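Residue strings, one per chain:
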Amino acid sequence: MLRRDLFCSIFVTIIMVASTMAAADNVLSHIPKDAYGFLVIHNMESTSAKIEKILDQFNVPLSLLQLFIEKTGLGEGINQKGDLLVALLPGKLEGNEPGPAILLPVTDYADLAKVTGADPAGGISSITLRGEDLLLARWGVYALLMDTNYRTEMESMIASETIVPEAILPFQEWMDRTDVVAVLLPKGTKLLVASGKKELAKQREQMEEMFEDLDMDKQMNSIKQMFLFYDQMIHLLDQEMHALAIGASLDDQGNLRIGKRVRLEPGGKVAKLAPVNQQAKDPLLGMPDGSFLIAAGGPLPKEWKDMMITWSLEIVQSNKELLRMVYGVDEVSDEKIAKIREIMKTSMSTLQSMAFCFQPGVDDAPIMDGFIEIMQVNDAKTFLVDYQKTMEAWADVLKKGDGEKINRYHLTEEEIAGKPGLKLEMDFAGMVQEDQFREMITILLGGNNNMVAYLGIVDEHHIAMCYDKTILENLIAAIQQSKDQLIDNAMVRKTKALLPNEAPWSGYVSPKGCVDFARRIMEIIMGRFGGAPVIPEYPTTPPIGFSWQLSDRGVEADMVIPAETIDGLSDYVRAVSE
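Predicted, not measured: the structure shown is a model, and the values here were computed from it.

Quick look at the overall build of the protein chain
Looking only at helices and strands, one finds 17 helices and 19 strands in the protein chain. By residue count, 43% of the 578 residues in the protein chain fall in the buried class. Within the protein chain, residue pairs in contact and separated by at least 24 positions form 67% of the contacts whose partners lie at least 6 positions apart. Roughly 30,300 Å² of accessible area belongs to the protein chain as shown, and the carbon and sulfur atoms make up 56% of that amount.

Side note on a nonpolar patch on the surface
On the surface, Val 60, Leu 62, Leu 64 and Leu 67 cluster together to form a nonpolar patch covering roughly 260 Å² of accessible area. Along the chain, Leu 62 falls in the loop between helix H2 (44-57) and helix H3 (64-72).

Things to note about unusual backbone geometry
In this structure, Asn 59 takes a positive phi of about 60° despite not being glycine. Secondary-structure assignment places Asn 59 in the loop between H2 and H3. The class for Asn 59 is exposed, based on a relative accessible area of 55%.

Quick notes on the packing of aromatic side chains
All chains considered together, the criterion is met by 9 aromatic pairs. Between Trp 304 and Trp 505, the aromatic rings sit 5.8 Å apart at their centres with planes inclined by 65°, giving edge-to-face as the arrangement. You can see Trp 304 sitting in helix H9 (residues 302-318) and its partner Trp 505 sitting in strand S17 (residues 505-509), a full 201 residues away along the chain. For Trp 304, a relative accessible area of 9% translates into the label buried.

Topic: helix H12 (residues 380-397)
Here H12 spans 26 Å end to end across 18 residues, near enough to the 26 Å set by a 1.5 Å rise per residue. The N-terminus of H12 is capped by Asp 379, whose side-chain oxygen sits 3.3 Å from the backbone nitrogen of Lys 381.

Observations regarding the environment of Ala 137
Structurally, Ala 137 is set in strand S5 (residues 132-139). Residue Ala 137 is classed as buried on the basis of its relative accessible area, which comes to 0%. In this view, Ala 137 contacts Tyr 109, Gly 122, Gly 123, Ile 124, Tyr 142, Ala 143, Leu 144, Met 154 and Ile 158; residues no more than four positions away in its chain are not counted.

Focus on helix H11 (residues 334-348)
A rise of 1.5 Å per residue sets the reference length of H11, with its 15 residues, at 21 Å; its end C-alpha atoms lie 21 Å apart and thus fit the reference within 8%. Taken residue by residue, H11 has Ile 337, Ile 340, Ile 343, Met 344, Ser 347 and Met 348 as its buried positions. Mapping the buried residues of H11 onto a view down its axis gives an arc of 120°, with all of them on the same face. Away from its buried face by more than 90 degrees, H11 exposes Asp 334 and Glu 335.

Quick word on the pairing of strand S3 (residues 99-105)
Of all 7 residues making up S3, 5 are buried, and the element is well covered by its neighbours. Both strand S2 (residues 84-89) and S3 contribute to a ladder of 5 bridges, which runs antiparallel. When the sheet's bridge partners are listed, Ala 87 is paired in S3 with Ala 101. As paired elements, S3 and strand S6 (residues 142-147) share 5 bridges and run antiparallel to each other. Looking across to S6, one finds that Leu 104 is bridged to Ala 143.

Structural notes on the confidence of the model for the protein chain
Predicted coordinates in regions of low pLDDT should not be interpreted in detail. When pLDDT is averaged along the protein chain, the result is 84; 83% of the residues meet or exceed 70. Element-level mean pLDDT values for the protein chain span from 39 in helix H1 (residues 2-25) up to 97 in strand S7 (residues 180-184). For the stretch residues 1-24, pLDDT sits under 50, and the model shows 4 contacts to residues farther than four places along the chain or on other chains.

Notes on the environment of Leu 300
Assignment of secondary structure puts Leu 300 in the loop between strand S10 (294-299) and H9. Along the primary structure Leu 300 and Gln 352 are separated by 52 residues, whereas in three dimensions their C-alpha atoms are 5.4 Å apart. Not counting residues up to four positions away in its chain, the partners in contact with Leu 300 are Lys 305, Met 308, Leu 351, Gln 352, Ser 353 and Met 354.

Brief notes about the packing of H11 against H12
Interhelical geometry of H11 versus H12 gives an angle of 170° and a closest axis separation of 9 Å. By the angle class used here, H11 and H12 are roughly antiparallel. Within the contact between the two elements, H11 uses Lys 336, Lys 339, Ile 340, Ile 343, Met 344 and Ser 347 and H12 uses Phe 383, Thr 390, Ala 393, Trp 394 and Val 397. Looking at the contact of H11 with H12 residue by residue, the class counts come to 7 nonpolar, 2 polar and 2 charged.

Digging into the nonpolar core
Counting residues in each nonpolar core, the largest one holds 34 residues, and the members touching the most others are Met 375, Leu 455 and Ile 463. No other element matches H12, which puts 6 residues into this core. Apart from the residues within four sequence positions on either side, Leu 455 is in contact with Met 375, Phe 383, Leu 384, Tyr 387, Ile 416, Gly 421, Leu 422, Ile 463, Ala 464, Met 465 and Leu 472. Grouped together as the second largest cluster of nonpolar side chains are 31 residues, Ala 35, Ala 87, Trp 139 and Val 164 included.

How each quantity is defined
Residues numbered from 1 in each chain as written. Predicted model: local features only at pLDDT ≥ 70, side-chain atom pairs only at ≥ 80, totals over all residues. Heavy atoms only, no water. Helix = DSSP H or I, 4+ residues; strand = E, 2+ residues; numbered from the N terminus. Buried < 20%, exposed > 50% of the residue type's maximum accessible area, 1.4 Å probe, protein only. Contact = heavy atoms within 4.5 Å. Areas by Shrake-Rupley, 256 points an atom, 1.4 Å probe, with all protein chains shown as cover. Patch = residues over 30% accessible without salt bridge, like charges linked within 9 Å, V, L, I, M, F, W, Y side chains within 5 Å. Salt bridge = Lys/Arg side-chain N within 4 Å of Asp/Glu carboxyl O. Phe/Tyr/Trp six-rings, centres within 6.5 Å; stacked < 30°, edge-to-face > 60°. Expected span 1.5 Å × (residues − 1). Polar contact = N/O pair within 3.5 Å; in protein donor to acceptor, adjacent residues only side chain to side chain. Arc of directions from axis to C-beta. Pairing = 2+ DSSP bridges. pLDDT = per-residue confidence, 0-100. Axes fitted to C-alpha atoms, helices over the stretch in contact; angles between N-to-C directions. Parallel < 35°, antiparallel > 145°, perpendicular 65-115°, else oblique. Nonpolar A, V, L, I, M, F, W, Y, C, P; charged D, E, K, R; others polar. Core = buried A, V, L, I, M, F, W, Y, C linked by side-chain atoms within 4.5 Å.

This is the structure we're talking about:
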């Protein structure tokens with residue numbers, strides 16, 4: 001009994017010590033407390049080999065690990081299977097630029113010290129590496145390399161407790177299994193926002209000086225509105241983003257996975273939203289099979305719709321050029337904005353989910369004929385009635401100062417596939433004055449420069465929308481018969497299997513569809529000048545997949561490029577270059 005108890009005690013102790021060492025040696029626990037952000041490469045040897053494999057497919061012979069050894073002269077004592085980390089610290093260098101702290105995994109620090117002339121015991125040493133004066137010291141199983149200006153910070157780091165920063169804890173498990181991760185910590189997001197605002201102000205000032213003596217008031221107004229939009233986007237980042245991580249991995253099957261993780265600002269609007277669960281049905285259910293550029297869809301919870309409406313109206317209200325182009329007015333009062341908000345909330349209240357697909361199209365048909373949208377609603381007939389009321393309310397709210405209604409939108413009832421439907425016409429020709437833009441609108445919409453959209457009932461809970469009535473009726477018939485659907489396509493299914501199952505929003509981008517579309521556009525535009533260049537046919541491959549979800553951890557976005565797709569791209573690049 002004593003021997004068994006002793007053995008169990010020793011075993012438990014070993015497990016506890018091993019777990020403690022693993023946690024302490026995790027490279028993420030060695031991030032400096034005041035860092036702006038960091039880059040980590042897990043298992044340098046393995047990651048370098050994966051990158052080398054992909055680059056070799058595109059005839060780019062390059063070994064990143066070998067390049068690192070050649071550039072630094074560091075090879076002896078380095079653990080090539082270990083994790084490399086580069087953190088950025090507040091500036092002490094020339095121009096107040098951030099300074100790096102580099103953690104190198106080591107197998108034998110004494111061997112590394114022998115090569116660099118450092119103290120083999122691991123104390124802070126002054127070394128010269130490739131002509132640069134640096135500081136080197138041991139920190140756990142790592143060698144810490146920093147600029148000579150950072151001795152005080154180096155001493156503090158080595159003496160401090162190793163702990164994973166709180167800002168990245170929700171995504172640590174994902175980071176640990178991702179080959180390469182770049183992270184912007186809270187201090188870094190604030191620096192990014194401040195730098196963005198400073199650069200934007202500088203660009204705005206330069207642009208105003210450039211146009212000051214020119215008679216280009218209209219162009220200047222457009223540019224000012226553009227800068228205002230950018231400023232709003234920067235402000236949005238400042239209010240909503242706490243930390244950001246972007247990572248990439250090549251899995252054992254050769255699929256390239258790229259992910260983004262956003263830790264939300266606790267007091268922000270997005271952080272207050274409840275996580276969205278995956279739908280019971282595929283969001284792309286009903287989309288037709290065939291060549292496509294992009295197809296995507298997902299649910300629209302009430303709080304998300306309300307937030308989207310608020311943000312869009314804030315942008316519209318502050319952008320007079322957008323108001324002029326789209327609605328024909330120069331200003332919308334706060335009272336009208338409040339009415340518009342209520343109108344939009346009413347019209348979207350029954351909308352449960354939305355999916356769209358953009359196809360390359362055929363011959364010289366308008367480009368927008370390839371756009372298809374399917375909406376899940378509480379009741380299809382009620383939705384169409386509410387949509388009519390919404391458009392009438394828009395026309396009533398958006399009046400000019402003299403009370404004249406702006407007749408750029410015309411909505412009429414029209415039978416579609418044997419059921420009540422709607423036809424929406426929008427005058428684009430009156431919005432755009434420049435001839436070159438009018439020509440582009442003709443290519444997009446057709447010869448009359450009007451956008452004509454049709455909304456038809458698929459069943460009790462689904463509405464389909466398209467810019468061509470015949471295409472819409474064929475689509476409705478196909479959906480009702482459950483045939484030729486995109487979700488049944490073998491290539492799409494391969495990509496879908498690689499995406500996170502729990503993500504409510506998902507979509508696909510087809511390389512072949514993008515090339516088919518580019519070829520068609522070139523033929524339409526260049527055909528007017530004697531002929532378009534020959535663009536080779538792209539092979540059929542699985543599409544690139546992406547997904548998006550909001551969880552208790554924050555925002556999680558993932559993209560996957562299947563191994564087959566990478567092979568197809570490399571084959572195509574070689575074919576084009578030959």
